[in-house]
Amino acid sequence: MSTPRAAVKLASLAAGIGLAALLCGPGFAADDAALPDIELPEPPAATLMIEATPAAPEAPRAAETASPEPAAAPTVKAQASPAPAPAAEIALPDLPEAPALFTVADQLGAAISARLADAKFQLAPKLAKKDREAIAAFYALGDFKPLWLKDEAWTPAALAVVARLGKAAEDGLDPADYPVPALGAAADKAGDLAEADLKLSAAAVLYARDARGARVDPARLSRLITPKLELPAGDAVLTRLAAAKDAGAALLAYNPPHAGYRALKAKLAEARGARLEGDILANMERWRWLPADMGRRHIWVNVPEFKLRLVADGRPIHEARVIVGKPETPTPLFSDTMEHAIVNPSWYVPPSIFKNEFYSDPAYAASRGYQVVRTRDGGISVRQPPGERNALGFIKFMFPNQHAVYLHDTPNRSLFNAQKRAFSHGCVRLDQPFRFGEFVLGPEWSEGRLRSLIGKGERTIRLPEKIPVHLTYFTLLADDKGELHQIADLYAVNNKVRLALGLPSDGTRVAAEAKPQRQARRRAPPRAQTAVRSPMPMYEHPGWWWVTR
């Protein structure tokens, strides 16, 4: 039952609502403007039910004079009306149909992705699997967006790359190896453009790798030619070209930056069609075997020239004659780093020389002044102690390498008077070794101080700064005036490179590398005569230990 107080509140609410409606009527509008109609939400419908409250039993009168108790007020009870029926659904008019438009540019990404996923799609005939994978990785990282196209045409960067590929012959490369795709009309426009973009990328990658020496595998020419080629990965090439201000110049920069290479390139245009052209191309190719950065200070030995140069900031500061390996035991070609020198070195006879020069006879070695030591495993170690007759002379310069060759002194100095100085087993014998040591060991190790150590026991001296060493093979060199000087092809390496490039042979006979196990074994002389008459052989550590495997 509702209380009288609730009924009064509800009546007051209804009166307030009526008053508000009255105030919003036209009689209360402002003189200058009509107020907008305000729609108030309808209150929920309610049924007012009035019930009479039963009278309470009369209380006993206290006195006859007391006033009579007022009757109880009627109770007003609110009852919610039933919920309204749900509104009917409103049908919206159909929108006009509009066709979905996809441009060729919208389809390019999907087309590039599809071509890269197709194992039958060939980017370029010479492209290796790892290069294809690297190119695919580059495009995937860029969400398969085209690199060289915009509005169905080549970008300025693409045109610069195309121009450089067309001039590949200037650097001794074959433009036919880097075909430029055409942007012709095709039924599948997006697919055609996708293939063009990918194939231009492949051509640029191939050019960059060939410029750094990928055309010829040096190891296939000889096991003694082991340069560490700096071949760039395909994704690295594309990343570099994409970021370059001049993509053509960036592609050109993969060619060797060395002055010797640039001199040959300048002469190539003049020699087109001449016999000299093939030699220039072969020598340019060998410049690609060298690191792009040979070192601010480096040692450069040109084997067929029999010469060493110590180069600082692009110019030679010291030159020396050298003795190199015989044609049957050639000096290997590679780059490494010189770390230390040893004064008064010992020479440990390699197994190949012990077999072929000492006839595997310990007594014969001992009779010639060598120390023979039996090892625990039953082997033999043959050592020549330091001294003026040591095969290594008084000093050697070490740059640890897989061929175990190095630069060293020699007691047989008369050999430096020969014009053709191919007498060693592979190491490089150095004229004026203490003068050379003064340059590489620093000013505190003067030539006089180094000589003062002779005869005082073996001494190792660390270089203050490691120096790159490059054992190279060039048969064409340009002088300061740009004139070319030709050098005899001592080991026929130049002719091997000509043939590898598809050039005609120049007729130079290929020298065979030593294989001692196939050489005729000489008979050892009688020991009595050996001890009296035979001079000590002057061999250095050759580094040809692997030929006995």
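In this report, the structure presented in the accompanying data block is examined.

Reading guide: rules and limits
- Residues numbered from 1 in each chain as written.
- Predicted model: local features only at pLDDT ≥ 70, side-chain atom pairs only at ≥ 80, totals over all residues.
- Heavy atoms only, no water.
- Helix = DSSP H or I, 4+ residues; strand = E, 2+ residues; numbered from the N terminus.
- Buried < 20%, exposed > 50% of the residue type's maximum accessible area, 1.4 Å probe, protein only.
- Contact = heavy atoms within 4.5 Å.
- Areas by Shrake-Rupley, 256 points an atom, 1.4 Å probe, with all protein chains shown as cover.
- Pairing = 2+ DSSP bridges.
- Polar contact = N/O pair within 3.5 Å; in protein donor to acceptor, adjacent residues only side chain to side chain.
- Salt bridge = Lys/Arg side-chain N within 4 Å of Asp/Glu carboxyl O.
- Core = buried A, V, L, I, M, F, W, Y, C linked by side-chain atoms within 4.5 Å.
- Axes fitted to C-alpha atoms, helices over the stretch in contact; angles between N-to-C directions.
- Parallel < 35°, antiparallel > 145°, perpendicular 65-115°, else oblique.
- Left-handed = near helix turned anticlockwise from the far one by under 90°.
- Nonpolar A, V, L, I, M, F, W, Y, C, P; charged D, E, K, R; others polar.

In this section: the overall build of the protein chain. Assigned secondary structure in the protein chain consists of 16 helices and 18 strands. Each of the 549 residues in the protein chain was classed as buried or not, and the buried ones make up 41%. Residue pairs in contact within the protein chain that sit at least 24 positions apart in sequence constitute 68% of those at least 6 positions apart. Element-wise, carbon and sulfur atoms account for 56% of the exposed surface of the protein chain, whose accessible area totals about 30,900 Å².

So, about the pairing of strand 6 (residues 307–312). Looking along a regular strand, one sees side chains alternate from face to face of the sheet. The element strand 6 is largely enclosed, with a buried count of five among its six residues. Inspection of the sheet shows strand 6 paired to strand 7 (residues 315–325) by six bridges, in the antiparallel sense. Its bridge partner being in strand 7, Ala312 is matched across the sheet by Arg315. If you look at the hairpin formed by strand 6 and strand 7, you'll find two residues sitting between the two strands, and Asp313 has a positive phi there, around 55°.

To continue, consider the environment of Trp148. Relative to the elements of secondary structure, Trp148 occurs in the loop between helix 3 (129–141) and strand 3 (149–150). A C-alpha to C-alpha distance of 5.8 Å links Trp148 and Asp197, two positions 49 residues apart in sequence. Within the local environment of Trp148, its side chain forms a polar contact with the side chain of Ser201, the two groups lying 2.8 Å apart.

Before going further, it helps to examine the pattern of salt bridges. In the structure shown here, the tally under the stated rule is 24 salt bridges. Across the salt bridge formed by Arg321 and Asp431, the nearest N and O atoms sit 2.8 Å from each other. Here Asp431 lies in the loop between strand 15 (428–430) and helix 13 (433–441) and Arg321 lies in strand 7, a separation of 110 residues in the sequence. For Arg321, a relative accessible area of 35% gives the class partly exposed. A single network of salt bridges, built from pairs that share partners, joins Glu305, Lys307, Arg309 and Glu319.

Turning to the environment of Leu183, a few remarks are in order. With respect to the element layout, Leu183 can be found in the loop between helix 4 (156–166) and helix 5 (189–211). With 30 residues separating them along the chain, Leu183 and Ala153 place their C-alpha atoms 7.5 Å apart. Excluding its chain neighbours within four sequence positions, the residues that come into contact with Leu183 are Leu149, Glu152, Ala153, Trp154, Asp192, Leu193 and Ala196.

Below, the discussion takes up the sheet that holds strand 9 (residues 347–348). On the basis of which strands lie adjacent, the open sheet formed by three strands has the order 9-11-10 and antiparallel pairing. Bordering the open sheet on either side are strand 9 and strand 10 (371–374), each of which pairs with just one other strand. Taken together, the four bridges between strand 10 and strand 11 (residues 380–384) define a ladder with antiparallel strand orientation. Paired with Arg374 across the two strands is Ile380, which belongs to strand 11.

Turning our attention to the nonpolar core. Nonpolar side chains tend to gather and get buried jointly when the protein is soluble and globular. Counting 60 residues, the largest nonpolar core has Ile299, Met338, Phe397, Leu407, Phe436 and Val440 as the members making the most contacts within it. Filtering out sequence-adjacent residues up to four positions away, Phe436 remains in contact with Ile299, Leu308, His318, Met338, Phe397, Leu407 and Leu430. Membership of the second largest hydrophobic core comes to 43 residues, among which are Leu108, Phe138, Leu149 and Trp154.

Among the 13 residues that make up helix 10 (residues 275–287), eleven are buried, leaving the element largely enclosed by the rest of the structure. Among the residues making up helix 10, those that are buried are Glu277, Gly278, Asp279, Ile280, Leu281, Ala282, Asn283, Met284, Glu285, Arg286 and Trp287. Its buried side turned inward, helix 10 meets helix 9 (259–271), strand 5 (297–302), strand 17 (476–478), strand 18 (484–486) and helix 15 (493–500).

Here Tyr406 lies in the loop between strand 12 (395–398) and strand 13 (407–408). On the basis of relative accessible area, Tyr406 is assigned to the buried category, the value being 4%.

Further remarks concern the packing of helix 4 against helix 5. Each packed pair of helices is defined by two parameters, the angle between the axes and the distance between the axes. Here helix 4 crosses helix 5 at 50°, and the two axes come no closer than 11 Å. Viewed along their axes, helix 4 and helix 5 adopt a mutual orientation that is oblique. Both helix 4 and helix 5 take part in a crossing whose hand is left-handed. Of the residues in helix 5, those in contact with Ala158, Val161, Val162, Arg164 and Leu165 of helix 4 are Leu200, Ala203, Ala204 and Tyr207. Residues belonging to the contact of helix 4 with helix 5 are distributed by class as follows: eight nonpolar, no polar and one charged.

Residues other than glycine seldom take positive phi values, yet Tyr359 does so here, at roughly 60°. One can find Tyr359 in the loop between helix 11 (351–356) and helix 12 (362–367). You can call Tyr359 buried: its relative accessible area is 12%. At Ala492, a residue that is not glycine, the phi angle is positive and equals roughly 60°.

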